[in-house]
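An overview of the molecular structure
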Amino acid sequence: MSAHRPQVGDEVEYGDGRRALVTDIRKGRVWLRAHGRQEWEAPAEVNLTVVRTRTERITAGDLW
């Protein structure tokens, strides 16, 4: 797992092993989307850990 700040297109983990994609960053707030869910704003208190960067996902052919 990477230690850099989440960027658009990164896959992140947000508590209890749940994963989502960063879809946008608006006014410093991160917006996420996961399979079967609509986009939502990540709560400020949630720690997001980058699992794979956008570049790593592209290299792996995993763009969901």
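Strand order in this open sheet of five strands is S4-S3-S2-S1-S5, and the pairing throughout is antiparallel. Only two strands of the sheet have a single partner each, and these edge strands are strand S4 (40–41) and strand S5 (49–52). Alignment of strand S1 (residues 11–13) against strand S2 (residues 19–26), held across three bridges, turns out to be antiparallel. Residue Val-12 lies in a different strand from S2, and its bridge partner there is Ala-20.

Estimates place the volume of the largest pocket at around 210 Å³. Looking at the largest pocket, it is lined by 13 residues, and the ones nearest its centre are Arg-5, Pro-6, Gly-28, Val-30 and Leu-48. Each residue belonging to the lining of the largest pocket can be placed in one class, and the counts come to eight nonpolar, three polar and two charged.

Oppositely charged side chains are able to pair whenever their charged atoms sit close together. In this structure the tally under the stated criterion is six salt bridges. A salt bridge links Glu-11 to Arg-19; the nearest nitrogen and oxygen atoms lie 3.5 Å apart. Judged by its relative accessible area of 5%, Glu-11 is buried. Take Arg-19: its relative accessible area is 39%, and that puts it in the partly exposed class. With a closest N to O distance of 2.8 Å, Arg-52 and Glu-11 form a salt bridge.

With respect to the helices and strands, the residue Arg-52 is situated in strand S5. Among the polar contacts made by the side chain of Arg-52, one reaches the side chain of Glu-11 at a distance of 2.8 Å. Among the polar contacts made by the side chain of Arg-52, one reaches the side chain of Asp-62 at a distance of 2.3 Å.

Let's shift gears to the nonpolar core. Judged by nonpolar contacts, Val-12, Tyr-14, Ala-20, Val-22, Val-30, Leu-32, Ala-34, Trp-40, Ala-42, Leu-48 and Val-50 together constitute the single largest core of 11 residues. Secondary-structure elements contributing two or more residues to this core are S2 and strand S3 (29–33). Once you skip the residues sitting within four places of it in the chain, Val-22 turns out to touch Pro-6, Gln-7, Val-8, Gly-9, Asp-10, Val-12, Val-30, Trp-31 and Leu-32.

Reading the values: the criteria
Residues numbered from 1 in each chain as written. Predicted model: local features only at pLDDT ≥ 70, side-chain atom pairs only at ≥ 80, totals over all residues. Heavy atoms only, no water. Pairing = 2+ DSSP bridges. Helix = DSSP H or I, 4+ residues; strand = E, 2+ residues; numbered from the N terminus. 1 Å grid on protein atoms, 1.4 Å probe; cavity = no way out; pocket = protein on both sides within 12 Å on 5 of 7 lines; lining within 4 Å. Points joined across faces, edges and corners; volume = space filled by probe spheres on them. Nonpolar A, V, L, I, M, F, W, Y, C, P; charged D, E, K, R; others polar. Salt bridge = Lys/Arg side-chain N within 4 Å of Asp/Glu carboxyl O. Buried < 20%, exposed > 50% of the residue type's maximum accessible area, 1.4 Å probe, protein only. Polar contact = N/O pair within 3.5 Å; in protein donor to acceptor, adjacent residues only side chain to side chain. Core = buried A, V, L, I, M, F, W, Y, C linked by side-chain atoms within 4.5 Å. Contact = heavy atoms within 4.5 Å.

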